[in-house]
Amino acid sequence: MTERFRALVVDQSDASFSVEIQEMTLDELNPGEVTLRVAWSGVNYKDGLAGIPDGRILETYPLIPGIDLAGTVIHSRDSRFKEGEEVIVASAELGVSHNGGFSEIARVPGDWVIPLPEGLTLKEAMVFGTAGFTAAMSIQRLEESGLKPEKGPVLVAGATGGVGSTAVAMLAQRGYTVATGTGKADAHDYLRRLGASEILPREELTNPKQRPLLKSRWAGAVDPVGGETLSYLLSTMKFGGAVALSGLAGGGKFTSTVYPFILRGVQLLGIDSAHISNEYRRKVWHRLATDLKPEGLLDLIGAEVISLEELPAAMSTILQGGVRGRKLVKIS
């Protein structure tokens, strides 16, 4: 296989940093049992960090970023997958230590590959992507911890981002009363169309006096923000409530006390979608194709489609909070 293809490559040395489209050959890709023609990828916060010199995401250079992809098998040395099969790769080491999805062709270990579930197209899979998978895993963990619609409202922080948007739509699909927080006045209609019944101003999702407990309001929360938002969420959980934490867009540090945990039985659930078992990964993707698939809303969430050439600008925009929903990359 001597086919040449295009990919977005990030490189760094002592003297320079570059993000540019290059023509490559298969010999330049990492080893792996499954070779794919990539159809779709998506722009995630991690991908944005990969595009800046101090992002601290990429473990080696040069590397193709892109932490998720959907495509078709063109060659496989793994008997579990055959030529022409449609598959997903997301939430592994892809685009971090292994060449990722911003490439017309990718080669990955067989253990990273998930067959496309019945009920999803390749494009729909990337409307979800790693962000949607993280939202679904957050809901899965919350429900494993006892969350049910009748227990009360669920707050989604960072609601206009990829994790937040998909979480709002999924929770509403499941019958939950969903509240959101945003500082974007022009996003209210978008959030209500996704299923939010209450929209709070961003400044309300803080605990400026650092009180250990505030009025209990939420049965659960999906938090891709962290920082002061997490401090607020922990102090406002109802008895037995849980926060599913998956991100740090608001900062890596937060302030709390033991009181929410020992007086209200609050749980803080860390959502690490990169290192879970393949069995659990398949379970979550199955839910994305069935009960967590928000009918009629995927086109709203993944409305913007860009090309490889437009990727560098999109990677910068997502770090500035300028992406609503999911920004999809049409690769080939």
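Just so it is clear, the structure is predicted and the values come from calculations on it, not from any experiment. (Residues numbered from 1 in each chain as written. Predicted model: local features only at pLDDT ≥ 70, side-chain atom pairs only at ≥ 80, totals over all residues. Heavy atoms only, no water.)

(A) Highlighting unusual backbone geometry. In this model, Tyr61 is joined to Pro62 through a cis peptide bond whose omega is -10°. If you trace the backbone, Pro62 turns up in the loop between α1 (45–50) and β4 (68–76). Although it is not a glycine, Arg56 adopts a positive phi angle of roughly 55°. With respect to the helices and strands, the residue Arg56 is situated in the loop between α1 and β4. (Helix = DSSP H or I, 4+ residues; strand = E, 2+ residues; numbered from the N terminus.)

(B) Region of interest: the environment of Ala249. Following the sequence through the fold, Ala249 ends up in the loop between β12 (237–245) and α6 (259–263). On the basis of relative accessible area, Ala249 is assigned to the exposed category, the value being 51%. Measuring from C-alpha to C-alpha, the distance between Ala249 and Leu214 comes to 23 Å, with 35 residues separating the pair along the chain. Discounting residues that sit within four places of it in the chain, Ala249 has contacts with Tyr45, Pro224 and Val225. (Buried < 20%, exposed > 50% of the residue type's maximum accessible area, 1.4 Å probe, protein only. Contact = heavy atoms within 4.5 Å.)

(C) Seen up close, the pattern of salt bridges. The full count for this structure, using the stated rule, is 16 salt bridges. A salt bridge links Arg287 to Glu143; the nearest nitrogen and oxygen atoms lie 3.1 Å apart. Here Arg287, found in helix α7 (residues 278–289), pairs with Glu143, found in helix α2 (residues 122–144); they are 144 residues apart in sequence, far enough to count as distant. Assessed through its relative accessible area of 11%, Arg287 is described here as buried. For Glu198, the salt bridge goes to Arg217, with nearest N and O atoms at 3.3 Å. In this pair, Glu198 sits in strand β10 (residues 198–201) while Arg217 sits in the loop between β10 and β11 (218–223), placing the two residues 19 residues apart along the sequence. For Arg217, a relative accessible area of 26% puts it in the partly exposed group. Salt bridges sharing partners connect three or more residues here, namely Glu143, Arg174, Arg287 and Asp291. (Salt bridge = Lys/Arg side-chain N within 4 Å of Asp/Glu carboxyl O.)

(D) Quick peek at helix α3 (residues 162–173). Counted at 1.5 Å a residue, the expected span for α3 with its 12 residues is 16 Å, and the 17 Å between its end C-alpha atoms agrees. Among the 12 residues in α3, 10 count as buried, and that is most of the element. For α3, the full list of buried residues reads Gly162, Val163, Gly164, Ser165, Thr166, Ala167, Val168, Ala169, Met170 and Leu171. Count one or two residues on from α3 and you reach Gly175, which has phi positive near 95°. (Expected span 1.5 Å × (residues − 1).)

(E) Molecular detail of the sheet that holds β12. Strand order in the open sheet formed by six strands is β10-β9-β8-β11-β12-β13, and the pairing between neighbours is parallel. Sheet topology places β10 and β13 (267–270) at the edges, where each strand pairs with a single neighbour. With direction set aside, neighbouring strand axes in the sheet form an average angle of 20°. Of the strand pairs in this sheet, strand β9 (residues 178–182) and β10 are connected by four bridges, and their pairing is parallel. Considered in β10, the bridge of Thr180 is made with Ile199. The sheet strands contacting α3 are β8 (154–156), β9 and β11, and the helix crosses β8 at an angle near 155°. (Pairing = 2+ DSSP bridges. Axes fitted to C-alpha atoms, helices over the stretch in contact; angles between N-to-C directions.)

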